[in-house]
Amino acid sequence: MSHTAGIRGNGIRESQKLKTRQALLDAALGLLAEQSLSSLGLREVTRAAGITPTAFYRHFESVPALGVALVEQTLGSLHGMIGAILAGTGDSEVRLDRSVELIRRHVREQPAHFRFIAREQQGGVGPVREAIAAQLRLFAEEVAAALAAEPESKGWAEEDLLMLGGLYVDHMVITASALLDAGPADDERVARTAGRRLRLIALGALHWLDEPAQGA
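Residues numbered from 1 in each chain as written. Predicted model: local features only at pLDDT ≥ 70, side-chain atom pairs only at ≥ 80, totals over all residues. Heavy atoms only, no water.

Trainee: What should I look at first to understand the pattern of salt bridges in this one?
Mentor: Side chains that carry opposite charge are capable of pairing whenever their charged atoms lie near each other. For the structure shown, the criterion picks out 8 salt bridges. Put simply, E150 and R95 hold a salt bridge, and the shortest N to O gap is 3.0 Å. Of this pair, E150 sits in the loop between α8 (126-148) and α9 (158-182) while R95 sits in helix α6 (residues 92-109), and the two are 55 residues apart along the sequence. An identical accessibility class is assigned to E150 and R95; each is buried. Here R104 and D187 are joined by a salt bridge, their closest N and O atoms 3.3 Å apart. Of the two residues, R104 is situated in helix α6 and D187 in helix α10 (residues 187-206); the sequence distance between them amounts to 83 residues. Given the relative accessible area of 9%, D187 is considered buried. A cluster of three or more residues bridged by salt bridges with shared partners is formed by E101, R104, R108, D187, E188 and R192. (Salt bridge = Lys/Arg side-chain N within 4 Å of Asp/Glu carboxyl O. Helix = DSSP H or I, 4+ residues; strand = E, 2+ residues; numbered from the N terminus. Buried < 20%, exposed > 50% of the residue type's maximum accessible area, 1.4 Å probe, protein only.)

Take a look at the structure:
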């Protein structure tokens, strides 16, 4: 076999491996529309994906590990997009609107993924719950870092900026859940309310360093 043919063969095998891995993720996601991850069986997933149970372990060490991969697939791609929004303009109003629209678009395009996150955030599978929490912490840190560069944040303590970043992220999680419950017919109202609530948080942040009233 020539060197070129060997490289081509490795490329084909790697492509097939990625395809099978994605088939397992897609099969699990479809099954999770009707159940929680804690009740999902390995054989159930492999049967839906059309592969043998032993082949599962070439891609994931366990069903919880597959769940962690679903978390990363759902939330990991949002990091770059949110970073671009935060860096794209200094206008906080525009950034809030774009952030809400980003969540709205992703929930509309990937409802099954976000239903999985909403269910498993408080679910019974520890590694998946921890993976979701870790992703949300990263989002909060990214938001806090962006806020730290704002003139309005002068004098803020790092822990307070992280707290504010967490408030924004928590609200976006609530917004995603509300969009799922509302469905496409009512997502405009949900998005509008989400934007107003984010502005209320932003307004409160502007007065965070104000001196408390005498006797308060």
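Trainee: Looking at this model, I keep getting lost on α10. Mind explaining?
Mentor: One turn of an α-helix holds 3.6 residues; hence residues three or four places apart share an orientation. Compared with an ideal rise of 1.5 Å per residue, which puts 20 residues at 28 Å, α10 spans 29 Å between its outermost C-alpha atoms and is within 8% of the ideal. Inspection of α10 places D187, V190, A191, A194, G195, L198, A202 and A205 among the buried residues, and these make up the whole buried set. Each buried residue of α10 sits inside an arc of 135 degrees when the element is viewed along its axis, so together they form one side. For α10, the exposed residues lying more than 90 degrees away from the buried face are R196 and L200. Looking at the packing, one finds that the buried side of α10 touches α6 and α9. (Expected span 1.5 Å × (residues − 1). Arc of directions from axis to C-beta. Contact = heavy atoms within 4.5 Å.)

Trainee: It is not clear to me how a nonpolar patch on the surface should be interpreted in this structure. Could you clarify?
Mentor: There is a patch of nonpolar side chains on the surface, built from M163, L167, W208 and L209 and spanning about 390 Å² of accessible area. Looking at where L167 falls in the secondary structure, it is placed in helix α9. (Patch = residues over 30% accessible without salt bridge, like charges linked within 9 Å, V, L, I, M, F, W, Y side chains within 5 Å. Areas by Shrake-Rupley, 256 points an atom, 1.4 Å probe, with all protein chains shown as cover.)

Trainee: Explain the nonpolar core to me, please; I cannot follow it from the model alone.
Mentor: Generally speaking, nonpolar side chains in soluble globular proteins are found buried as a group. Core analysis: the biggest nonpolar cluster contains 58 residues, and L40, L66, L70, V71, F116 and Y168 have the highest contact counts within it. Top contributing element to this core by residue count: α8, with 10 residues. Setting aside residues up to four positions removed in sequence, V71 forms contacts with G76, F116, I117, V128, A131, I132 and Q135. (Core = buried A, V, L, I, M, F, W, Y, C linked by side-chain atoms within 4.5 Å.)

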